[in-house]
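Spelled out from the first residue to the last, the chains are:
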Amino acid sequence: MPNNWQGAFGKRAWSYDEKKKQYYLHSFLEEQPDLNWRNQEVVDAVFSILRYWLDRGVDGFRLDVINCIIKDKTLRSNPRIVGSRPRPYDMQRHIFDRNRPGTHQKLRMMRQLVDTYPDRMLVGEIMVELPGEPELAASFLGRNRDELHLSFDFSLAYTRFNAIKWQRCAKRWCEAIGKNRIPSWVLNNHDIPRIVSRLSGNVAKAKLAALFLLTQRGSIFLYYGEELGLPDSKVPWKAIRDPLGKRYWPVHPGRDPARGPMIWSNEEGYGFTDGESWLPFASNADSYAVTTQEQDASSMLHYYRALIGMRKEEPVFRRGTCTYLKTNNKHIVCYIREYDDEKRLMILNFSARKQNVVLRDSAYQKSDWILRFTSQRMLPDTKAESFMLQPWQGCAYSLKSRSS
């Protein structure tokens, strides 16, 4: 066996092929051999596939664990990590089987190809150590914006729902990206529990998270069902399909719960299938159906539509700079979005209790605020220089110009 590399889904990363009388590398499953990106014929074949789909009009590509495509040229073994962890894969420092310098060269070549087609893009998933490495994810955009258009950083999804922690996490990602590159934001995907389940079903907290997400600069990614407040499905052991879950259950339940089917209607099969779905639907599925929520003005679906509409109508939320402000309250996240002459003040209460808020910056006086959006009904004002937010409430304000 060439070295000590481990597969992310268990077992060694090398399997012996009797027909070839050789070992082959698979960073994940045995059925998923890694391509040799140092072989020019392989690279030419990959680029031929890219051209095929670009010619057919696709808008772009999501590149899975793209920082793993290039391996150490001499196949050196990874250093071991002292201690016990559930997966052998996590007991190594992965310095020779991912994040190799040659990856950036291949991405620049890929970007050059994609840029010959109008309005196309590349977004890459970057495999990192949890809870995340924003600087590493940002590095694959290229210093001159000549690699990926966007890269995923999942730090926020792995950060405890807390004002100080979320603000610190978001600032770190923005600083890693810088002013001239575009950040992407995500709270859910097919590999992690859905945010509603992570928040123990608290809808008010989920709405606050959505308000935070959809008022950030850059590109927002929504995972199907997120706009419905869809929770994880309950997947019994016998129904597990995810190889990770099959191998490591119950230490790791697998990723199937986050992959439950979309719920379109209250009909049999919930508008998703007229047969049997490959995974169970979420419990109480009727209440999450699109057709049900469309009839309820207070539903999560209407809430997301309102947020998306506000973001679409106001460029300040897509392109504006973001400056975090200090308040008198550790439970509050407060930031200013600014673009051209437009300013939006965001104030979010990450607490289960009512919170009184006073901004420390006197430049932003309450008399200049016009409520643009709120996740809940506003409480009556208490003082001229402060105001009260309900538990888990977030608000967006337009700021009037002092000269007007």
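Attention in this report is confined to the structure presented alongside it. The structure displayed is predicted, hence computed values, not measured ones.

## Description of the environment of Arg-87
Checked against the element boundaries, Arg-87 lands in the loop between β3 (60–63) and α2 (102–114). Not counting chain neighbours up to four residues away, the residues in contact with Arg-87 comprise Ala-8, Leu-244 and Tyr-248. Side-chain polar atoms of Arg-87 contact the backbone oxygen of Ala-8, separated by 2.7 Å.

## Quick notes on the packing of helix α6 (residues 203–213) against helix α9 (residues 300–313)
Running from N to C, α6 and α9 point in directions that differ by 15°, and their axes come no closer than 11 Å. With respect to α9, the axis of α6 lies roughly parallel. Between α6 and α9 lies a crossing whose hand is right-handed. Along its contact with α6, which presents Val-203, Ala-206, Lys-207, Leu-208, Ala-210 and Leu-211, the element α9 presents Met-300, Tyr-303, Tyr-304 and Leu-307. Grouping the constituent residues of the contact of α6 with α9 by class yields 9 nonpolar, no polar and 1 charged.

## Some thoughts on the sheet that holds strand β9 (residues 332–339)
Spatially, β8-β9-β10-β14-β12 is the arrangement adopted by the 5 strands of the open sheet, whose pairing is antiparallel. The strands lining the two open edges of the sheet, one partner per strand, are β8 (321–324) and β12 (369–374). The mean angle between the axes of side-by-side strands here comes to 25°, regardless of whether they run parallel or antiparallel. By the bridge criterion, 8 bridges tie β9 to strand β10 (residues 342–349) in an arrangement that is antiparallel. What sits directly across from Ile-332, in β10, is Asn-349. Lying on the sheet, helix α4 (residues 163–177) is in contact with β8 and β9; it crosses β9 at an angle near 30°.

## Examining the pattern of salt bridges
Two side chains with opposite charge may pair up if their charged atoms get near one another. Applying the stated criterion to the full structure yields 20 salt bridges. For Arg-62, the salt bridge goes to Glu-125, with nearest N and O atoms at 3.3 Å. Of this pair, Arg-62 sits in strand β3 while Glu-125 is found in strand β4 (residues 121–125), placing the two residues 63 residues apart along the sequence. Here Arg-87 ties to Asp-90 by a salt bridge, and the two come within 2.9 Å at their closest N and O atoms. Accessibility expressed as a relative area gives 17% for Arg-87, which makes it buried.

## Description of α9
With 14 residues, α9 should cover 20 Å at 1.5 Å per step; its first-to-last C-alpha distance of 20 Å lies within 8% of that length. Buried-residue contacts for α9 involve α6, β7 (219–221), α8 (290–294), α10 (315–319) and β12.

## Some points on the nonpolar core
Grouped together as the largest cluster of nonpolar side chains are 62 residues, with contacts concentrated most on Leu-148 and Phe-212. Ignoring sequence-local partners within four residues, the contact set of Phe-212 consists of Leu-156, Trp-166, Ala-170, Tyr-324, Val-333, Tyr-335 and Leu-348. Within the second largest apolar cluster, 15 residues are counted, among which are Cys-334, Val-357, Leu-359 and Tyr-364.

Each value, and the rule that gives it
- Residues numbered from 1 in each chain as written.
- Predicted model: local features only at pLDDT ≥ 70, side-chain atom pairs only at ≥ 80, totals over all residues.
- Heavy atoms only, no water.
- Helix = DSSP H or I, 4+ residues; strand = E, 2+ residues; numbered from the N terminus.
- Contact = heavy atoms within 4.5 Å.
- Polar contact = N/O pair within 3.5 Å; in protein donor to acceptor, adjacent residues only side chain to side chain.
- Axes fitted to C-alpha atoms, helices over the stretch in contact; angles between N-to-C directions.
- Parallel < 35°, antiparallel > 145°, perpendicular 65-115°, else oblique.
- Left-handed = near helix turned anticlockwise from the far one by under 90°.
- Nonpolar A, V, L, I, M, F, W, Y, C, P; charged D, E, K, R; others polar.
- Pairing = 2+ DSSP bridges.
- Salt bridge = Lys/Arg side-chain N within 4 Å of Asp/Glu carboxyl O.
- Buried < 20%, exposed > 50% of the residue type's maximum accessible area, 1.4 Å probe, protein only.
- Expected span 1.5 Å × (residues − 1).
- Core = buried A, V, L, I, M, F, W, Y, C linked by side-chain atoms within 4.5 Å.

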